[in-house]
Structure formats: C-alpha cells, structure tokens
Amino acid sequence: MSQPKKFYITTPIYYANAELHIGHAFTTLAADTATRFQKAMGRETWFLTGSDEHGQKVEQAAKAKGITPIQHTDQLVEKFKSLWTALDIRYDDFIRTTEERHRKTVQYVLTTLHEKGDIYSATYTGWYCTPCERFWTEKEVPEKVCPDCKRPVEELEEKNYFFKMSKYQRTLIDYINAHPDFIRPENRKNEVLGFLAKPLQDLCISRPKKRLSWGIEVPFDPEYVTYVWVDALTNYISAIGYPSDMERFNKTWPASCHLVGKDILTTHAVYWSTMLFALGLPLPEIIFAHGWWVISGGKMSKSVGNVVNPLDLVGKYGIDAFRFFLFREMAFGSDAAFSEDAFVIRYNADLANDFGNLSQRTLSMLLKRRDGVFHKGTATLPQSREIADLAAAVKKDYIASMENFLFHEALKRTWELISRLNKFVDEAAPWKLAKEEKWAELDQVFYIVGEGIRFCAYLVQPFMPHTAPKFLEQIGLPTNFVPLKNLEWGQLPDGTKCKEATPIFPRLDTPRIETLKKAGKAEIQPPKEGAAHANLPAPSSKPSPLSPPALAPSAADGIINYDEFMKTHLCVAVVESAEKIPETDKLLKLIVRLGEETRQLVAGIALHYKPEDLIGKQVVMVKNLKPAKIRGVESHGMILAAGTPDGGLAIVTTDRPSSPGIRVK
Ligand code: MSP
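Note that the coordinates shown come from a computational prediction; the quantities given were computed from them, not determined experimentally. (Residues numbered from 1 in each chain as written. Predicted model: local features only at pLDDT ≥ 70, side-chain atom pairs only at ≥ 80, totals over all residues. Heavy atoms only, no water.)

### Looking at the overall build of the protein
- Looking only at helices and strands, the protein has 21 helices and 26 strands in total.
- Against the compact-globule benchmark of 26 Å for 665 residues, the protein has a radius of gyration of 29 Å, which places it among compact chains.
- Its C-alpha atoms give the protein principal-axis dimensions of roughly 90 × 70 × 50 Å.
- A fraction of 73% describes how many contacts in the protein between residues 6 or more apart in sequence connect residues 24 or more apart.
- Accessible surface, the protein as shown: approximately 28,900 Å² in total, 53% of it carbon and sulfur.
- With 84 positive and 81 negative side-chain charges, the protein shows a separation of 2 Å between the mean positions of the two kinds. (Helix = DSSP H or I, 4+ residues; strand = E, 2+ residues; numbered from the N terminus. Rg over C-alpha atoms; globule rule 2.2 N^0.38 Å. Contact = heavy atoms within 4.5 Å. Areas by Shrake-Rupley, 256 points an atom, 1.4 Å probe, with all protein chains shown as cover. Lys, Arg positive; Asp, Glu negative; His and termini not counted. Charge placed at Lys NZ, Arg CZ, Asp CG, Glu CD.)

Pasting the structure below:
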C-alpha cells in the first residue's frame, strides 16, 4: 500500500517590520492545530513558517531606529520565535528571506523564467509614491497626490522587469475550474475567478537599486533587486530544497495547504500559481484564505491602538483557553470580532460549564460513591447504545471537518457530544441511583461519562494540547494518545481508577463579568455559530500595468454596506405578556406581537424591568435571529437594549408610537 504524501502546511511569512498580533498568531495557530491533527491521524507532517524581511518598509523601519536592516530583522525574528514558543507552536522549519538558501532559490527562479522568455524588460512612465512604494497611473492621481497616503507623487520614467503573468491566465482559469477545491472557501474562489475574468496584467517584478537596495539582486541585472512578493512567495519552495535537493523537494511538494489571510489571496492564487506554471511545478493542493479578526467591526491597527497582543491573553487565561476561543469563535473563512467579553463568556460556557464541569462533577461522585473506580459492567441503560452511536458519528464528522480546515465545525460537533453527556448525567441522576443502591446502573452511568471524557479529550487535543492530557490523567489514564484513527468507543479499561477532581477550567468571575451578568449577558450562551459577525468582503486589488496591485486592505473592511445591514430584519413589537423564568435572576419570558404574528422570546432584563412594567411597551427586536433555547425556553428573536452609565439597562424603543411589525431601518 502506498504511503499518503507528507502533509506539508505553510503560513504566510510575516513582515519583519512590526511586532505580531492576534491576527498573525491565528494563522500560525491554525497551521499548528492542523498539523497536530494530521499527526494524531498518523500522517507524516512538515510545518513551515518564517519571516519576510526585504522591502522598503523594513529598510525604513531600520533607518528610523538607526540600525542596519539585518540588525532590525534579527531583533524582530527573535520576537517572532519567542511568540511561537509561548503559544507552543511546533513548526519544523523557520525560513528567513535573508538566508542564503533562500537567495539562491530566488535567483534560480528568476534566471529560469528569464531564460524561458517569461521575464522581459520594459520602460514606462508613471506617478510614483515613495512612502507607499508604488506607481499610479495618470488617471488615478488627478491631484498628483497618492490616493492611499495623500502625499505628493512624482513622475518617473523607469525601466523594469516584468513577468508574463498574462500568458498563464487561461491556464489558471481552467485549472481552478477543474480543481474546485483548490481555493477555499468557495466564495473566495469565486472572487479569484472574478478577478481573472478581466485581462490579467503582467507583473512588475523588479525595483531599481537606486530606489531600493534592501532586496535580492536580480541575477541578470545587478542594477535591480527583486520585487518583494516574488521573493516572499518563493519561500514555500526554497525551504524544502528547491532546486538544490530535488529528492527532498519531491517528497514534500506540492504543499498540502497554504494558509493565508483573505488580503493576500490574490498574490497566492494568481501570482504564485502563474509562477509555478512557468516553472513547470505542480500547484499547492489547497490555498485556504481565512477571514480577519476585527475589533468592534474595524481593522486592528497600531495607529488606532486596538491591537490585541496574544501574550496578554495567554498570560491571563492560559494558552489552551486562548487557542480554543480563536477556533471556536471564528467560522474559519469568515471574519470574527474579538472582544475580551466574548472570550470570557465562551470560556465560562464551553470550558468551565460544559466540559470542565462534566468531568469534575462526575469524578467527584465517582470518588464518593465507588472509590473512584470505573466498572464496565454490561450495558443495559437505554442511552448506552445511543451515546456510543453519537460518539462514532461525532468522530467521523470531526475528522471530515478537520481534514477540510473547518475547525469551528469540528469543535461544535465535539460539544454536541459533551452536551449530550451532561444531559445524560441529569437524566440518569446518579445521586438518586446511589441512594437507591442501584450499583450496576450507577456503574454504567460513570463508565459512559468517563468514556465520553476520554473520547472528547482526543478530539480537543489538537486545539488544547496542554489540557487534553489533563482530562485523561484525571480519569486515571496515561497521558499519551493512541492514533486518532484507532479511537473507538468503549476502550476505557474496566477498573480504571480516577484521580482527584480538580477543576481544569475554573470559572472566571471577573468584575467585568459581574457587570455583564447585571446586564443579563453572561447568562446567555455564546453565539454557537461563531459567525454572527458580518463576513466582510476581501479587499479588492486593482493591478496597474506599472506596478503590482495595491495589497493594503481596503478601507471598507469592518464597514458593512447597505445590503449587508438589510440582512438584519429589525422591527417594532409590542410586549403582550412578561414573566420571570424560574430559577434565574435575569431572564424574562416575553410574548410580543409584531403585526399578525406573536413571538416568544427570552430577554436578560429582569434585574432592570419588572414584568408588569413591560406590558404594552413598544420595543425594537431582531426578527430574523436564529431561534435559540435559553435555559430550556425557546427564544425567537431578540429585543434591543443599551447599557446606561450607572450600569443599568434601557430598552430601545421608537421616538413616537409606531405599528407593531413595521420594519426598522
Ligand atoms: N509578508 C506577507 C506575506 C508573504 S507570504 C509569501 C504578509 N505579511 S503580514 O505580516 O502582513 O501578514 C501576514 C498574515 O497575517 C496575512 O495572512 C494576514 O491576513 C494576516 N493577518 C494580519 N492581520 C490579521 C487579522 N486582523 N486577522 C487575521 N489575520 C490577519 O502579508
């Protein structure tokens, strides 16, 4: 039987001009998680990351610090590497574009394409912006200022080298159509095809040394250095031995997946693919463009001062909680909003309450009632088969999701098993079985839950490599994991004795959570789909014949357009009845009328409004919110409210009476 090809995964190489934030950490953690999963499946893996060190911005950053570019990048690379260590990212190789092995490959690639006639020189005139390092056409700069930075542009006539990208346009379109899984997710593939529907310009791949000296020299013209994207993209092959060690290269290439952010999809899907066609090399199997982490709907940026430092969160909440949050909260491929409140809410709900508490409450009872020993016995409880079948189905779906980089789906499905197990404990009521001395049934309950904890520890392991073994340890098992493909339900050995049940994810009761609780929010489950945020379009790139497309993200990021806003159906409603939900402090069950229709919904406002004061009140509600069950009560919509400066809550209403059911827009 032939061995499956090595799983070769890459991250973008990060610009060595500034420190990294949660967005960069996210891509690298995704590659780490995918690698851990593939390893767990028994596959040979290779995980590459690195640093992109050439270009004008790096040169300028070094100058500002009064040091040489290499001193500057050396310092940053140390910081990158220590961040990866702090996040327990286990890469196999770290490529720096300033390394000799890389320079040689870039020059070999340029020579090959030049000899093949795919690189030619041409002279053009254009308007150049020095700080932005790019040319604009006459039409684009009517005021003779840079459309991006608003600084003056100067007219330049310049000879440069161009890569005949246009020659491969048809081949690329046909390739993408013949390989529907090459660019993911689907909507990003369509964007690339849309981009390719227009004539593709050739790519300017050089910069004269008189303007930029910090780069790799063009081998056939020492007056020029290579354009930074040609330099950077080549890292994916220079690091694995192209062309110096073709035996090693052929064992690893093509990459199984290039993980990239949506802003750099064009460079990967178009520039890189056409370069590979020209070199006669196969294309990577998958290019996966994930979405962005945004803050309050906007882009994270140093100048705005809203950059999230991953180390702050890891220091506060631990690596695994941080890793878990990123992959559960973001639907991989879509954007997601980061907030520490969302973090704490998800931590408490999924980790402390669901998984952590399942283990803790079961093991405490097991220690008290059965000396901590799991007895397999014979399965007679009606749920026994059903839960075993669910576990097998969850494992199957989990593997399919992980193979496709759908991390959030994999975790969501795993939590379905955890929820079922928690529900099972409630149904089976082991405390009652113990009282009634039904020992055989009690043993079965403990065994099923113990087995469930073991099973779930396997599934969360790629995401939470530190805490997953702790779950195994608590139930009394060795902390080494057998290959995931051999994981079957029912393998918890009879007679396993558990350890002391200490909380693995202690509940977070921060002052901030207290405020949220007062506002009724902490009671509510986190958004299970992780995609409640606008899935913003990727910035569009408009290539000019004189210069590569602008790669800066568009200002539209974080802003939604009218059509996107209109997807949220807000309407006026009138409260017909309101009552407290038993055993909760903050929740009210409301029946509201919107036109002909009435709806039941749950609102976390009981600390601020008496039920009787709400009757007849006109409110504004989200009509098309996915129904949810909150504390067992169905909720079909959500009323809007705003926090008040004194920590209270004010329901949103209309300025003058309106009619129930009327749309708010
Ligand atoms: N050097 C180039 C990549 C060359 S790869 C051959 C580069 N570097 S970067 O440091 O600017 O960005 C690297 C990656 O970080 C990109 O994939 C980008 O999408 C990602 N992110 C930067 N900010 C991000 C968020 N806020 N959220 C998620 N990822 C984001 O581009």
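### Let's talk about a nonpolar patch on the surface
- Taken together, the side chains of Ile560, Tyr562 and Phe565 define a hydrophobic patch exposed on the protein surface, amounting to about 290 Å² of accessible area.
- Its location among the elements puts phenylalanine 565 in helix H20 (residues 562–565). (Patch = residues over 30% accessible without salt bridge, like charges linked within 9 Å, V, L, I, M, F, W, Y side chains within 5 Å. Salt bridge = Lys/Arg side-chain N within 4 Å of Asp/Glu carboxyl O.)

### Observations concerning the side chain of arginine 36
- Position of arginine 36 relative to the elements: it lies in helix H1 (residues 22–40).
- Here aspartate 32 takes part through its side chain, which lies 2.8 Å from a polar atom of the side chain of arginine 36.
- Leave out the neighbours within four places in its chain, and arginine 36 touches Asp88, Arg90, Arg323, Pro462 and Pro465. (Polar contact = N/O pair within 3.5 Å; in protein donor to acceptor, adjacent residues only side chain to side chain.)

### Description of the state of the cysteines
- Inspection of the entire model under this criterion finds zero disulfides.
- Cysteine 149 provides the cysteine sulfur closest to cysteine 129, a residue in no disulfide bond, and the two sulfurs are 3.7 Å apart. (Disulfide = S-S within 2.5 Å.)

### Section: the pairing of strand E12 (residues 221–226)
- Pairing between strand E10 (residues 206–208) and E12: three bridges, direction antiparallel. Bridge assignment links arginine 207 to a residue of E12, and that residue is valine 225.
- Counted between consecutive antiparallel strands, the loop separating strand E11 (residues 217–218) from E12 contains two residues. (Pairing = 2+ DSSP bridges.)

### Notes on the site of the ligand
- In the vicinity of the ligand lie 23 residues, with Ile13, Asp52, Gly261, Asp263 and Trp293 positioned nearest.
- Between a nitrogen atom of the ligand and a side-chain N or O atom of aspartate 52, the distance comes to 2.7 Å.
- Separating a nitrogen atom of the ligand from a backbone N or O atom of tryptophan 293 is a distance of 2.9 Å.
- The fraction of the free accessible surface of the ligand (660 Å²) that becomes covered by protein chains is 92%.
- At the level of secondary structure, the elements contributing two or more residues to the shell around the ligand comprise strand E2 (14–15), H1, helix H7 (228–233), helix H8 (235–238) and strand E13 (257–261).
- For the shell around the ligand, the element with the highest residue contribution is H7, accounting for three residues.
- Residue classes in the shell around the ligand are distributed as 13 nonpolar, eight polar and two charged. (Near = heavy atom within 4 Å. Nonpolar A, V, L, I, M, F, W, Y, C, P; charged D, E, K, R; others polar.)

### Section: the nonpolar core
- Trp84, Phe327 and Phe405 are the most contacted members of the largest nonpolar core, which totals 106 residues.
- In this structure, phenylalanine 405 is in contact with Phe7, Ile9, Ala34, Cys257, Leu259, Ile286, Phe288 and Phe332, ignoring residues within four places of it in sequence.
- Core analysis: the second largest hydrophobic core is formed by 57 residues, Met165, Val192, Leu200 and Trp229 among them. (Core = buried A, V, L, I, M, F, W, Y, C linked by side-chain atoms within 4.5 Å. Buried < 20%, exposed > 50% of the residue type's maximum accessible area, 1.4 Å probe, protein only.)

### Side note on the sheet that holds E10
- The strand order E10-E12-E11 describes an open sheet built from three strands, whose pairing is antiparallel. Edge positions in the sheet fall to E10 and E11, since each of these pairs with one other strand and no more.

### Side note on the packing of aromatic side chains
- The tally for this structure, following the rule as stated, stands at 41 aromatic pairs.
- Taken together, a centroid distance of 5.6 Å and an interplanar angle of 50° make the contact between phenylalanine 26 and phenylalanine 332 tilted. Here phenylalanine 26, found in helix H1, pairs with phenylalanine 332, found in the loop between helix H12 (319–329) and strand E16 (336–337); they are 306 residues apart in sequence, far enough to count as distant. An identical accessibility class is assigned to phenylalanine 26 and phenylalanine 332; each is buried.
- Residues tryptophan 253 and tryptophan 272 carry aromatic rings whose centres are separated by 6.3 Å and whose planes lie at 75° to one another, so their mutual orientation is edge-to-face. Placement of tryptophan 253 in the loop between helix H9 (246–252) and E13 and of tryptophan 272 in helix H10 (residues 265–279) is noted, with a sequence separation of 19 residues between them. Tryptophan 272 carries the same exposure label as tryptophan 253, and that label is buried.
- Taken together, the aromatic side chains of Phe26, Phe288, Trp293, Tyr317, Phe325, Phe327, Phe332, Phe338, Phe343, Phe405, Phe407 and Phe463 make up a single cluster linked through ring pairs.
- One cation-aromatic arrangement involves lysine 144 over tryptophan 127; the distance from NZ or CZ to the ring centre is 4.8 Å.
- Looking at arginine 211, its charged tip hangs above the ring of tyrosine 128, at a distance of 3.8 Å from the centre. (Phe/Tyr/Trp six-rings, centres within 6.5 Å; stacked < 30°, edge-to-face > 60°. Lys NZ or Arg CZ within 6 Å of the ring centre and 35° of its normal.)

### With respect to the packing of helix H13 (residues 340–370) against helix H15 (residues 407–428)
- Where H13 contacts H15, the axes come no closer than 10 Å and their chain directions differ by 40°. In terms of their interaxial angle, H13 and H15 are classed as oblique. Like other packed secondary-structure pairs, H13 and H15 cross with a definite hand, here left-handed. Each of Asp350, Leu351, Asn353, Asp354, Phe355, Leu358, Arg361, Thr362 and Met365 in H13 lies in contact with H15, whose residues at this interface are Trp415, Ile418, Leu421, Asn422, Val425 and Asp426.
- Residue composition of the contact of H13 with H15, grouped by class: eight nonpolar, three polar and four charged. (Axes fitted to C-alpha atoms, helices over the stretch in contact; angles between N-to-C directions. Parallel < 35°, antiparallel > 145°, perpendicular 65-115°, else oblique. Left-handed = near helix turned anticlockwise from the far one by under 90°.)

### Describing the packing of H15 against helix H17 (residues 439–460)
- One can describe the packing of H15 onto H17 by two numbers: an axis separation of 10 Å at closest approach and a directional angle of 165°. Comparing the axis directions of H15 and H17 gives the class roughly antiparallel. Classified by chirality, the crossing of H17 by H15 is left-handed. Together, Thr414, Trp415, Leu417, Ile418, Leu421, Phe424, Val425 and Ala428 of H15 and Val445, Ile448, Val449, Gly452, Phe455, Cys456, Leu459 and Val460 of H17 make up the contact between the two elements.
- Residues belonging to the contact of H15 with H17 are distributed by class as follows: 14 nonpolar, two polar and no charged.

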